[in-house]
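Structural overview for review
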Amino acid sequence: MNNKYNKTFLYFSCCVSAMGGLLFGYDWVVIGGAKPFYEIYFGITESPVMQGVAMTTALIGCLAGAMVAGIASDRYGRKPLLITAAILFTVSAIATGLFDDYTLFNIARFIGGVGIGVASALSPMYIAEVSPAHIRGRMVSINQMTIVLGILAAQIVNMLLARDTTVEASQVWNVTWGWRWMFWAETLPAALFLVMALFIPESPVFVALKSERRRTANDGNSVNTKDEQESVSLSSLFTLHYRQYSRILLLGIFIAVFQQWCGTNVIFNYAQEIFTGAGFDVDGMFINIVITGIANVLFTFVALYTVERWGRRTLMLIGAGGLGLIYFILGTCYYMHVTGVAMVVLVVAAISCYAMTLGPVTWVLLSEIFPARIRGLAMSVCTFALWTGCCTLTFSFPSMNAALGSSGSFWIYSIICICAFVFLYRRCPETKGRTLEELERRLQS
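All of the points below concern the structure found in this document. (Residues numbered from 1 in each chain as written. Predicted model: local features only at pLDDT ≥ 70, side-chain atom pairs only at ≥ 80, totals over all residues. Heavy atoms only, no water.)

**Considerations on the overall build of the protein chain**
Helices and strands together make up the secondary structure of the protein chain, namely 18 helices and 0 strands. The buried share of the protein chain, reckoned over its 445 residues, is 57%. Partitioning the intrachain contacts of the protein chain with sequence separation of at least 6 by distance along the chain shows that 83% fall at a separation of at least 24. Of the roughly 18,000 Å² that the protein chain leaves accessible, carbon and sulfur atoms contribute 67%. (Helix = DSSP H or I, 4+ residues; strand = E, 2+ residues; numbered from the N terminus. Buried < 20%, exposed > 50% of the residue type's maximum accessible area, 1.4 Å probe, protein only. Contact = heavy atoms within 4.5 Å. Areas by Shrake-Rupley, 256 points an atom, 1.4 Å probe, with all protein chains shown as cover.)

**Let's talk about the pattern of salt bridges**
Here the structure, examined in full by the defined rule, presents 8 salt bridges. Between Glu 129 and Arg 78 there is a salt bridge, and its shortest N-O distance comes to 2.8 Å. In this pair, Glu 129 is assigned in helix α4 (residues 102–130) and Arg 78 in helix α3 (residues 78–98), connecting sequence segments 51 residues apart. The exposure classification of Glu 129 matches that of Arg 78, with both residues buried. In this structure, a network of salt bridges that share partners links the residues Arg 136, Glu 308, Arg 312 and Glu 368. (Salt bridge = Lys/Arg side-chain N within 4 Å of Asp/Glu carboxyl O.)

**Details of a nonpolar patch on the surface**
A surface patch of nonpolar side chains, amounting to about 310 Å² of accessible area, comprises Ile 294, Leu 298, Phe 299 and Val 302. By the secondary structure assignment, Phe 299 is in helix α13 (residues 282–306). Looking at Phe 299, the relative accessible area reads 32%, which means it is partly exposed. (Patch = residues over 30% accessible without salt bridge, like charges linked within 9 Å, V, L, I, M, F, W, Y side chains within 5 Å.)

**Describing the packing of helix α1 (residues 7–41) against α3**
Look at α1 against α3: their axes get within 10 Å of each other, and the N-to-C directions meet at 30 degrees. Relative to α3, the element α1 lies roughly parallel. α3 is crossed by α1, and the crossing has left-handed handedness. Touching Ser 17, Gly 20, Leu 23, Phe 24 and Asp 27 of α1 are Leu 82, Phe 89 and Ser 92, all from α3. Classifying every residue of the contact of α1 with α3 by side-chain character gives 4 nonpolar, 3 polar and 1 charged. (Axes fitted to C-alpha atoms, helices over the stretch in contact; angles between N-to-C directions. Parallel < 35°, antiparallel > 145°, perpendicular 65-115°, else oblique. Left-handed = near helix turned anticlockwise from the far one by under 90°. Nonpolar A, V, L, I, M, F, W, Y, C, P; charged D, E, K, R; others polar.)

**Some details on the side chain of Thr 383**
In this structure, Thr 383 sits in helix α17 (residues 375–427). For Thr 383, a relative accessible area of 0% translates into the label buried. Apart from the residues within four sequence positions on either side, Thr 383 is in contact with Ala 66, Gly 117, Ser 120, Ala 121 and Trp 363.

**Let's talk about helix α7 (residues 187–197)**
For α7, the set of buried residues is Ala 190, Phe 193 and Ala 197. Considered in projection along α7, the buried side chains sweep an arc of 60 degrees and stay on one side of the axis. Considering only its buried residues, α7 is in contact with α1 and α3. (Arc of directions from axis to C-beta.)

**Points about the packing of aromatic side chains**
Summed over the entire model, instances satisfying the criterion amount to 24 aromatic pairs. Look at Tyr 327 and Phe 410: their rings are 5.5 Å apart centre to centre, the planes differ by 40 degrees, and that puts the pair in the tilted class. Here Tyr 327 is found in helix α14 (residues 312–335), whereas its partner Phe 410 is found in helix α17, with 83 residues between them in sequence. Note on Tyr 327: relative accessible area 0%, which makes it buried. Looking at Phe 410, the relative accessible area reads 1%, which means it is buried. Ring geometry for Tyr 335 versus Trp 411: centroids 5.7 Å apart, planes at 40 degrees, classification tilted. Placement of the pair is Tyr 335 in helix α14 and Trp 411 in helix α17, with a sequence separation of 76 residues. Taken together, Tyr 38, Tyr 41, Phe 42, Tyr 102, Phe 105, Trp 179 and Phe 183 form an aromatic cluster joined through their ring pairs. (Phe/Tyr/Trp six-rings, centres within 6.5 Å; stacked < 30°, edge-to-face > 60°.)

Everything listed is a geometric property; what it means functionally is a separate question.
Laid out in structure tokens, this is it:
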């Protein structure tokens, strides 16, 4: 994109696309507040397996959505897929709170998960493709900002809707209706996203690729016609012919998985266990969850200004090293049975470090490092890897926590972060200030 562009329309298009991130954040976290109540409603409080199914159904949907998002967006365009995600969010928000059957509840959660998978792959990619190079990192970080705003919104809604658990009548309302309204509250922003997505333009990169395919298809004498029209499949990315692609793809997969396995997201998904283990009751848990959500938002604002000044590589290294240190201290505090405010401070420090580094910068890097020809497929693969990491993280934490305790769990995450720091120091490129075309030439050389 040249230097002449309509700033108002650019920001409108990016903010609409980033609403996918808002719904992604809300849908992903809302279940944490509803968990204590729908488990009683469905009678699964004594069944860890059924509890795990309810927590991971949406994540499985994320895998399905991520798997098809890139390929479908390369064929049909970015805009239709964003509209599809909006429809899925709307349907899921209504259905999840409506169903009285546990199986149908999980089907509705799966539908929402597909929406998350599609939005998480498409929103940052669309923003990167419509943004000028000198503000691309900041614009893509808006998507992360909306994610954390969605997380905070879910946390606040959960806190406001959850009535005093010490009063029997209030607890009955929580179990009967409270958890339903937590999901239904998503309907309004989901419907708004659907309407506004109709008015954004198609990505100029997709338009250019479509024109190129049409041109080469009509040029039967071109020596490169067959190669240019040839579909790049996942298996072909790892052949010798596409060796330059596979090296970049493996880097993207590592970055995506590490964003999850750095451990921060267990704080959102298992906040109840983490804060009650630190000595807080249910009401104190909800207050602390909102505190972490506010810190998440504030430090994502910091990322909006540092991502173009400090660079992507520097922030990734700060995130990996900083979290490694914080988790080591947090694990030690759990081991020594420290409770109270000190634990909240450490948890907030971990979330703050993540919010200004690994949270937004991962999506910025993934939206930048891939060549245009494979960007949709590569984003799909990396988003699939990211949600696979999220699934395994979410599924493994209860068992790991039971076997090793909170101290051992956070020490494990500390080791992962330190190992990732070493890898990123050796392999992570700096991408700030370069056009997507410049990055494509540089990273393939």
